[in-house]
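Structure assessment
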Amino acid sequence: MEVSGLPVELWQLILSYLRLPDLGRCSLVCRAWYELVLSLDKTRWRQLCLGCLEHRHPNWPNQPSVEPRSWREAFKQHYLASKTWTKNTQDLESSKCLSLFRRRKGRRQLCIGAAGEFSSLRAALAAASPYDCLVLLPGVHEEQGEVLLKVPVEVVGQGNLGDVALLASIDQHCPTARLCNMVFMPARFTSVLYKTTSGYVQFDNCNFESGQLQIHAPGTCQVKFCTFSQSSIHLRSMALCVLENCEFTGSENASVTVEGCPSSDRNWACKHLAVLAKSCTASMGEPDPAGCPMAKQDGWGESLLGPVRTCEIVVGEERSSFLSAVGARALLGLAQEETEFRENLRAAKEEEYPALNSNSSDSDLHSDDEEDAQAVYKLPYQAHSLSHTLADIAHSRLQSNRLHALQRDLKLKSLQQELQQDKEAQSLANSLQGCIIRQCLFRDGKGGIFIYARGQAKLEGSIFRDLTYAVRCIQNSKVIMLRNDIHHCKASGIFLRLSAGGLIADNNIHSNCEAGVDIRKGANPLVLCNKIHSGLRSGIVVVGNGKGIIRSNQIYGNKEAGIYILYNGNPAVSGNHIFQGLAAGIAVNENGRGQITGNIICENQWGGVDIRHGGNPVLRNNLISCGYSDGMVVGEHGKGLIEGNVIYGNKGCGVWMMSSSLPHLINNEISHNSIYGVAVFCHKDHAGDYSHGQGRSESFQEEREGAGGENDSDSEEDYPAAQRPISVALVELNSINHNGAAGLHVKSSEALNIIANVIHANRDDGVAVLQSSQLTCIANNSISCNSREGVLVEAECQVELRGNGIYENSSHGIVSKGEGVIAENDIIGNHRCGLQLLQAADMKVTKNRIQSFWDYGIALLDEAKGLVQENLIFQGTSKKSILRPMSNAEDCIIQNNMLLTFKKRFDMECMLINPPARPHIEGGTPESCTAADGQRVSSITTRVDGGCHNHGSIFCTIL
């Protein structure tokens, strides 16, 4: 009969009464009939799937209210899986000598129970032939001794699940068996419910209560739609086994224990299980991008000057943006401020020297008449070695270009992108070996899965909640975790130690009492594309020589550090978004290390990165922004190479350092922070000390005792910073601009080297040295357009200023009340004195080029003393004496200084040519300074084609 003869709705109604064999025959008639049978997916196929006593809802137990994509496909998968136990007959039939064991076409059905043929399971097994079906009638069936299963049979409980209870201990000695639709309870003499050491066993729709399953290689198993109440499975040396859609509750130890390396002696069923596992993986497919918050991964922001695009995440039931509204408003406010500033610059009239606009500051501009008069005496200093950076800052090109580059380079990658680029991760994700656990629920017990002694397990789409721990992987074992949900564990969610490894990807790990992921003692996993959030402690902890690759994760809302590294932990942390934490974004403590590159770290309550107590990481190319405290904290005895980062818009300092620390800050952009750009203090910082606060309930005693002796032999090769030790903290080649207070604030008891930085347009002093009992070396810097002095040196401070360009600051160029050397600097165009020595200053001032528009070139006041000689002092607008010696000190020597006035503009243009305007960085060795301990420090800079490895600078600096 033609399909077009009746309405489709009527055909669907008629076909909905057919049994499964009849539906199969109808689908073979023609393509029209085939499509008609497929159209019954939500009606007849759904009835068949839910009406089968051997199966449950396809999404049980995790999402029983969510319908599968296709009921027909789900029913097909259930049906094929239920027949796996019979497929060993194909192997038997292929051998003529085993023809006696071929399955007979007519299977017998043996009933067991009060109304059945046999009174006990043992009696029925004695009479059974291979592949017979043994039906347990409703009731309780108890076996007094261990039951030996010697022939392949199927044991099925009649009625609904729970109607049949079997109290027995079964030992399988046959190649295959299937048990279905019954409740297993332990016999009086043992807690072992079932065990096999060689055969394949299949459990469908069973309950296990207060007992244990033991499966040893080369035996294997498939367990589907089963409930384990205070029960567990112990798997030893599994080549391949499958646990699907099972529920584990109330376990006193681990619910699933995987022990031993996967056996090379594979059971006949392994190849069938592999095919089944692959088909199930294909049917699961990729998550729907429209419904998956992880898939909505826009850039961090389109631009500072454009609309801020957000990356949505889910916190509890609510949806919040990766860049919160507060952070977005803050960035847009800064962008508007920069726009207004540039408009003011364009409005300013500089007819003779328009290039000077590139060095204008945010301070109030003088009147047009004053500017015209001032322009007569201006010296062209814009061609110094750092002028390109300075011009970019003034036009906001550096911020916008660098943030555009960071948006492109630091965009959070999807798991699919990661797997395409990382072949090792791809191989792990596709592997089918050991125990495969899929779409299971582990809840309300002590442990979820315990893997040890080189065991291997793969976990997909499962839920772990309200356990002591979800997964514990130790002793060279391997775990692969994909798309699991792990939350509300009483300890860490995932615990790896003793050289464990594997892949942890695309999981949702949240609300755990300890760390979301705990990596210790040589463990080295791949942690990719997870959401790790809302933890009561840290998101990820790497302790005691732990390693690992931590990449492309969203880590947010944790009560302590997003990532916490200590006791020689040495992970590679890259491409993560770490934000909205209640403490630091990343904390490196107690000799922790790590390669921390290309992360976005923003909106954290404490420092974006916190380094203390011997922490010695490498931080490169990170964006650290919009924090509610300092951008970066280098606390007591902190170390590390901090290179090529953008530290922007934090409410505290850009970088906060203790004088006892030894960091190397190089080529960072530190701007628009609310207080200092870089601050160096000498007092001990008790607040927020991680050594006492972070680990108060976690046990780090073993790692603390073993940290000194467990260093890897290749640690020097893996850790470039270890090859470049420095004995003095070094701040070099950074751009420090537009911060709310001094660009660089020094209150230190240790030596400090400040080399070749651009310190521009900060809202207080450029460099303020308030305390410096040992030498602070300030060399080859460009210090310009700051709202107060270019450099301020307080009493009793020791400084050496050499080779700096100090230009157009709103107050004095240099004010010093301390001791030291001021040599070979260009101090030009500052709004008050070029150099002012006050109180008991004792300075050697030699070979400087100095000009002030409105005040004296050099002013010696109070009891200032020292040597002022061989300086070149240019005339300003004032008709007063250019040099004003007012000091009463007898030992103040002023000699061999040259005072110059201008009559022609050409004269001025030639004044800063030989040598050119300072600083001198490129193509040679600039003036050097000597630290307090005799260490010779110089910056030798050469141009390198293609730039450095951080793609942020074309300079390569060698100390």
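Worth saying up front: this structure is predicted, and the values here are computed from it rather than measured.

How each quantity is defined
Residues numbered from 1 in each chain as written. Predicted model: local features only at pLDDT ≥ 70, side-chain atom pairs only at ≥ 80, totals over all residues. Heavy atoms only, no water. Helix = DSSP H or I, 4+ residues; strand = E, 2+ residues; numbered from the N terminus. Buried < 20%, exposed > 50% of the residue type's maximum accessible area, 1.4 Å probe, protein only. Contact = heavy atoms within 4.5 Å. Areas by Shrake-Rupley, 256 points an atom, 1.4 Å probe, with all protein chains shown as cover. Disulfide = S-S within 2.5 Å. Arc of directions from axis to C-beta. Core = buried A, V, L, I, M, F, W, Y, C linked by side-chain atoms within 4.5 Å. Polar contact = N/O pair within 3.5 Å; in protein donor to acceptor, adjacent residues only side chain to side chain. Salt bridge = Lys/Arg side-chain N within 4 Å of Asp/Glu carboxyl O. Phe/Tyr/Trp six-rings, centres within 6.5 Å; stacked < 30°, edge-to-face > 60°. Lys NZ or Arg CZ within 6 Å of the ring centre and 35° of its normal. Pairing = 2+ DSSP bridges. Axes fitted to C-alpha atoms, helices over the stretch in contact; angles between N-to-C directions. Parallel < 35°, antiparallel > 145°, perpendicular 65-115°, else oblique. Nonpolar A, V, L, I, M, F, W, Y, C, P; charged D, E, K, R; others polar. Patch = residues over 30% accessible without salt bridge, like charges linked within 9 Å, V, L, I, M, F, W, Y side chains within 5 Å. pLDDT = per-residue confidence, 0-100.

Assigned secondary structure in the protein chain consists of 18 helices and 79 strands. Counting all 959 residues of the protein chain, 60% fall into the buried class. Considering only contacts within the protein chain whose residues lie at least 6 apart along the sequence, 53% involve residues at least 24 apart. Summed over all atoms, the accessible surface of the protein chain reaches about 36,900 Å², with 50% contributed by carbon and sulfur.

One pass over the structure, following the stated rule, counts 0 disulfides. Of all cysteine sulfurs, the one in C206 lies closest to C226, which takes part in no disulfide; the gap is 4.7 Å. C226 sits in the buried class, given a relative accessible area of 0%.

We now examine the environment of L167. Locating L167 in the fold gives a position in strand β6 (residues 164-167). In this structure the C-alpha to C-alpha distance between L167 and P186, which are 19 residues apart in sequence, comes to 5.4 Å. For L167, the residues in contact, after removing those within four places along its chain, are V140, H141, E142, E143, M185 and P186.

With that settled, the discussion passes to unusual backbone geometry. Across residues other than glycine, the phi torsion is negative in most instances, and most of the peptide bonds are trans. In this model, A217 is joined to P218 through a cis peptide bond whose omega is 5°. Relative to the assigned elements, P218 resides in the loop between β13 (212-216) and β14 (220-224). Phi is positive for E590, close to 45°, though the residue is something other than glycine. Residue position: E590 is located in the loop between β40 (586-589) and β41 (595-597).

On to helix α3 (residues 31-38), then. In an α-helix there are 3.6 residues to a turn, and that puts residues three or four apart on one side. What α3 keeps buried is the set W33, L36 and V37. Buried residues of α3, seen end-on, are gathered within an arc of 100° and therefore sit on one face of the element. Check the buried side of α3 and you find it contacts α1 (8-15), α2 (20-27) and α4 (44-51).

The next thing to look at is the nonpolar core. Within the largest apolar cluster, 129 residues are counted, with the highest numbers of intra-cluster contacts made by L134, I170, F184, F203, L235, L496 and I540. Take this core: its biggest share by element is 5 residues, from strand β25 (residues 463-473). Look past the residues within four positions of F203 in its chain and what remains in contact with it is L179, F184, Y194, F208, L213, Q222, V223, K224 and C226.

Attention now goes to the side chain of E732. Relative to the assigned elements, E732 resides in strand β53 (residues 729-732). The buried category is assigned to E732, whose relative accessible area is 0%. Of the polar contacts made by the side chain of E732, one reaches the side chain of H664; its length is 3.2 Å.

Before going further, it helps to spend a moment on the environment of E418. Inspection of the secondary structure puts E418 in helix α13 (residues 415-421). Residue classification places E418 among the buried positions, given a relative accessible area of 2%. Sequence separation of E418 and S552 is 134 residues, and the distance between their C-alpha atoms is 8.3 Å. Among residues more than four places away in sequence, those in contact with E418 are K413, L528, C529, R551 and S552.

Another aspect to go through is the pattern of salt bridges. The full count for this structure, using the stated rule, is 34 salt bridges. Taking the shortest distance from any N to any O, the salt bridge between E460 and R438 comes out at 3.0 Å. Taken as a pair, E460 in strand β24 (residues 456-460) and R438 in strand β22 (residues 434-438) lie far apart in primary sequence, 22 residues in all. Judged on exposure class, the residue E460 and its partner R438 are both buried.

As a further point, take the packing of aromatic side chains. Under the criterion given, the structure shown has 15 aromatic pairs. Geometrically, the ring pair formed by F208 and F228 is stacked, given 4.7 Å between the ring centres and 20° between the ring planes. Residue F208 is found in strand β12 (residues 207-209), and its partner F228 is found in strand β15 (residues 227-229); the two are separated by 20 residues along the sequence. Note on F208: relative accessible area 0%, which makes it buried. If you follow R56 out to its NZ or CZ, it ends over the ring of W60, 4.1 Å from the centre. Over the aromatic face of W45 sits the side chain of R72, whose NZ or CZ is 5.9 Å from the ring centroid.

So, on to the pairing of strand β49 (residues 655-658). Alternating residues of β49 divide into V655 and M657 and W656 and M658, and every residue in both groups is buried. Looking at chain direction, strand β46 (residues 632-634) and β49 are connected through 3 bridges and run parallel. By the bridge assignment for β49, V634 is matched with M657. Inspection of the sheet shows β49 paired to strand β52 (residues 678-681) by 4 bridges, in the parallel sense. Its bridge partner being in β52, M657 is matched across the sheet by V680.

Along the polypeptide, Y194 turns up in strand β10 (residues 192-196). Classification of Y194 as buried rests on a relative accessible area of 0%. Remark: the alpha-carbon pair of Y194 and G211, spanning 17 residues in sequence, is separated by 8.9 Å. The contact partners of Y194, leaving out residues within four places of it in the chain, are L149, I170, Q172, A177, L179, V201, F203, Q212, L213 and Q214.

Our focus in this paragraph is the pairing of strand β55 (residues 744-748). Counted residue by residue, β55 has 4 buried out of 5 residues, so it is predominantly covered. Bridge analysis of β52 against β55 gives 4 bridges, and the strand direction is parallel. Its bridge partner being in β55, A679 is matched across the sheet by H745. Note: β55 against strand β58 (residues 767-772), 5 bridges, orientation parallel. What sits directly across from S748, in β58, is S772.

It is worth spelling out the packing of α2 against α3 at this point. Taken N-terminus to C-terminus, the directions of α2 and α3 make an angle of 140°; their axes are 7 Å apart at the nearest point. Viewed along their axes, α2 and α3 adopt a mutual orientation that is oblique. Along the contact surface, α2 presents L23, C26 and S27, while α3 presents W33, Y34 and V37. Across the contact of α2 with α3, the residue classes break down as 5 nonpolar, 1 polar and no charged.

So, on to the side chain of K458. Within the fold, K458 resides in strand β24. At 3.2 Å, the side chain of K458 and the backbone oxygen of S431 are in polar contact. Contact partners of K458, with chain neighbours within four places excluded, come to A429, N430, S431, L432, C435, I436, I437, I480 and L482.

A contiguous nonpolar patch, built from L10, L13, I14 and Y17 and spanning about 410 Å² of accessible area, is present on the exposed surface. Along the chain, the position of L10 falls in helix α1. We classify L10 as partly exposed; its relative accessible area is 36%.

This next bit is on the confidence of the model for the protein chain. Counting all residues, the mean pLDDT for the protein chain is 81, and 73% of those residues have values of 70 or more. Low pLDDT (under 50) marks residues 924-928, which in the prediction has 18 contacts with non-local residues, meaning those over four places away or in another chain.

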